[in-house]
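Residue-level listing of the chains:
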Amino acid sequence: MMQDIILCIREAAIEIIWQKDSMPKKLTECLINPQCGCKHPGQELKCEDCPYLEACLSSLKLK
């Protein structure tokens, strides 16, 4: 049972590490080829409802 707990903690740590590496660090990373297929973010109305774009932009930490 202890090995199962250690395995779960290890897998969770790996997921957290990979997730932080894939987070965008620049605004342009969110705007280039978003997964919703919006070619001109900020210019087309259909881009307003793009959940990927909204999540990407909200994950950025502006300085």
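**Side note on the overall build of the chain**
Then, in step 1: The number of helices and strands found in the chain is three helices and zero strands.
Then, in step 2: Shown N-terminal to C-terminal, the secondary structure of the chain runs as helices and strands in the order α-α-α.
Then, in step 3: Within the chain, contacts between residues at least 6 apart in sequence are counted, and of these 35% link residues at least 24 apart.
Then, in step 4: Working note: accessible area of the chain is about 5800 Å², and carbon and sulfur atoms make up 60% of it.

**Observations regarding a nonpolar patch on the surface**
Then, in step 1: Where nonpolar side chains cluster on the molecular surface, the patch consists of Met1, Met2, Ile5, Ile6 and Ile9 and spans about 580 Å² of accessible area.
Then, in step 2: Here Met2 is to be found in helix 1 (residues 2–22).

**Remarks on the nonpolar core**
Then, in step 1: By size, the foremost hydrophobic cluster in this structure holds seven residues: Cys30, Cys38, Cys47, Cys50, Leu53, Cys56 and Leu60.
Then, in step 2: Those residues in contact with Cys38 that sit more than four places away from it in its chain are Glu44, Lys46 and Cys47.

**Structural notes on the state of the cysteines**
Then, in step 1: For the structure on display, the rule yields three disulfides.
Then, in step 2: The side chain of Cys30 participates in a disulfide bridge whose partner is Cys56; the two sulfur atoms lie 2.0 Å from each other. An S-S torsion of about -85° defines the bridge between Cys30 and Cys56 as left-handed. Taken as a pair, Cys30 in helix 2 (residues 27–31) and Cys56 in helix 3 (residues 51–59) lie far apart in primary sequence, 26 residues in all. Each member of the pair, Cys30 as well as Cys56, is classed as buried.
Then, in step 3: The disulfide partner of Cys36 is Cys50, and the gap between their sulfur atoms is 2.2 Å. The S-S bond linking Cys36 to Cys50 shows a torsion near -105°; that makes this disulfide left-handed. In this pair, Cys36 sits in the loop between helix 2 and helix 3 while Cys50 sits in the loop between helix 2 and helix 3, placing the two residues 14 residues apart along the sequence.
Then, in step 4: Each bonded cysteine of the chain gets a number by its place in the sequence, and the pairs then read 1-6, 2-5, 3-4.

The rules behind each value
Counting from 1, residues in each chain are numbered in the order their sequence is written. The predicted nature of this model means local features are confined to residues of pLDDT at least 70 and side-chain atom pairs, given and counted, to a pLDDT of 80 or more, with totals for whole chains, interfaces and linings taken over all residues. The side-chain quantities take in all heavy atoms of the structure and omit both hydrogens and water. Secondary structure elements are defined from DSSP: runs of H or I of at least 4 residues count as helices, runs of E of at least 2 residues count as strands, and each element is numbered from the N terminus. Between two residues, a contact is recorded if the distance between any of their heavy atoms is within 4.5 Å. Each accessible area is a Shrake-Rupley estimate made with a 1.4 Å probe; only the visible protein chains count as cover when residues are assessed. A residue counts toward a patch only above 30% relative accessible area and without a salt bridge, and it is joined to like-charged neighbours within 9 Å or, for Val, Leu, Ile, Met, Phe, Trp and Tyr, to nonpolar neighbours within 5 Å. The term salt bridge refers to a side-chain nitrogen of Lys or Arg lying within 4 Å of a carboxyl oxygen of Asp or Glu. Nonpolar cores are built from buried Ala, Val, Leu, Ile, Met, Phe, Trp, Tyr and Cys residues. Side-chain atoms within 4.5 Å join them into one set. Only protein chains enter the accessibility calculation, which uses a 1.4 Å probe. A residue is then buried if its area is under 20% of the maximum for its type, exposed if over 50%, and partly exposed in between. By definition, disulfides here are pairs of cysteine sulfur atoms that lie within 2.5 Å.

Note that every value here comes from positions in space, so none of it alone points to a role or purpose.
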